[in-house]
Amino acid sequence: MAVNASPDEPASQRFREDLEGLDPHDPEVKAFAAHLDRIETSRSGYTVEGYLGGISDFADSANRLGGHYRMLALFFIGLILIGVGVAVWDSLVFILTSFGG
């Protein structure tokens, strides 16, 4: 990668040296360049932006998967949503019974 490459450049241009000799219009080469871009992207998981970026990466990965891997990702997402629903329901019941009587 060039030393003075801008992060705003498209991934296929930023990794010109890594992709030398490959067709820049090939979808597999574009996907590989996007993969290299994701590897180089580092963000803090302790910020809202970093946390949301991690969720976005997970969603993108789950959408690229196929077969039983996709079903497994959907299963885990369902478990997370069920857990959030139970926590919200429990909180509402607690609030309503605390103030109700």
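## Quick look at the overall build of the chain
On a plain count of helices and strands, the chain comes out with four helices and zero strands. For the chain, the succession of helices and strands along the chain, N to C, is α-α-α-α. When the 101 residues of the chain are sorted by exposure, 12% land in the buried category. Pairs at least 24 apart in sequence give 12% of the contacts found in the chain among residues at least 6 apart. When the accessible surface of the chain is totalled, it reaches about 8300 Å², and 65% of it is carbon and sulfur.

## Notes on helix 3 (residues 48–64)
The first and last C-alpha atoms of helix 3 sit 24 Å apart over 17 residues, in line with the 24 Å expected at 1.5 Å per residue. Of the residues making up helix 3, those classed as buried are Gly50, Gly53 and Ala62.

## A look at helix 2 (residues 27–40)
Along its 14 residues, helix 2 runs 20 Å from first to last C-alpha, staying within 8% of the 20 Å computed at 1.5 Å per residue. Within the sequence span of helix 2, burial applies to Val29, Ala33 and Leu36. Down the axis of helix 2, the buried side of the element spans an arc of 55°, and every buried residue falls inside it. Within helix 2, the exposed residues directed more than 90 degrees away from the buried face are Pro27 and Glu28.

## Some details on a nonpolar patch on the surface
On the surface, Leu72, Phe75, Phe76, Leu79, Ile82 and Val86 cluster together into a nonpolar patch covering about 590 Å² of accessible area. Relative to the helices and strands, Phe75 resides in helix 4 (residues 68–100). Assessed through its relative accessible area of 48%, Phe75 is described here as partly exposed.

## Concerning the UniProt feature "transmembrane region" (unreviewed entry) in the chain
As recorded in UniProt, the feature "transmembrane region" (unreviewed entry) lies at residues 72–96. From the first C-alpha to the last, residues 72–96 spans 36 Å; its make-up is 100% helix and 0% strand.

## Some details on the confidence of the model for the chain
Scored by pLDDT, the chain comes out at a mean of 78, with 81% of its residues at no less than 70. Of all secondary-structure elements in the chain, the lowest mean pLDDT belongs to helix 1 (residues 11–14), at 58, while helix 4 reaches the highest, 91. Low confidence marks residues 1–5, where pLDDT is under 50. Its contacts with residues over four positions away, or in another chain, come to seven contacts.

Parameters and conventions
- Residues numbered from 1 in each chain as written.
- Predicted model: local features only at pLDDT ≥ 70, side-chain atom pairs only at ≥ 80, totals over all residues.
- Heavy atoms only, no water.
- Helix = DSSP H or I, 4+ residues; strand = E, 2+ residues; numbered from the N terminus.
- Buried < 20%, exposed > 50% of the residue type's maximum accessible area, 1.4 Å probe, protein only.
- Contact = heavy atoms within 4.5 Å.
- Areas by Shrake-Rupley, 256 points an atom, 1.4 Å probe, with all protein chains shown as cover.
- Expected span 1.5 Å × (residues − 1).
- Arc of directions from axis to C-beta.
- Patch = residues over 30% accessible without salt bridge, like charges linked within 9 Å, V, L, I, M, F, W, Y side chains within 5 Å.
- Salt bridge = Lys/Arg side-chain N within 4 Å of Asp/Glu carboxyl O.
- UniProt positions renumbered as here; feature names shortened; annotations may be inferred.
- pLDDT = per-residue confidence, 0-100.

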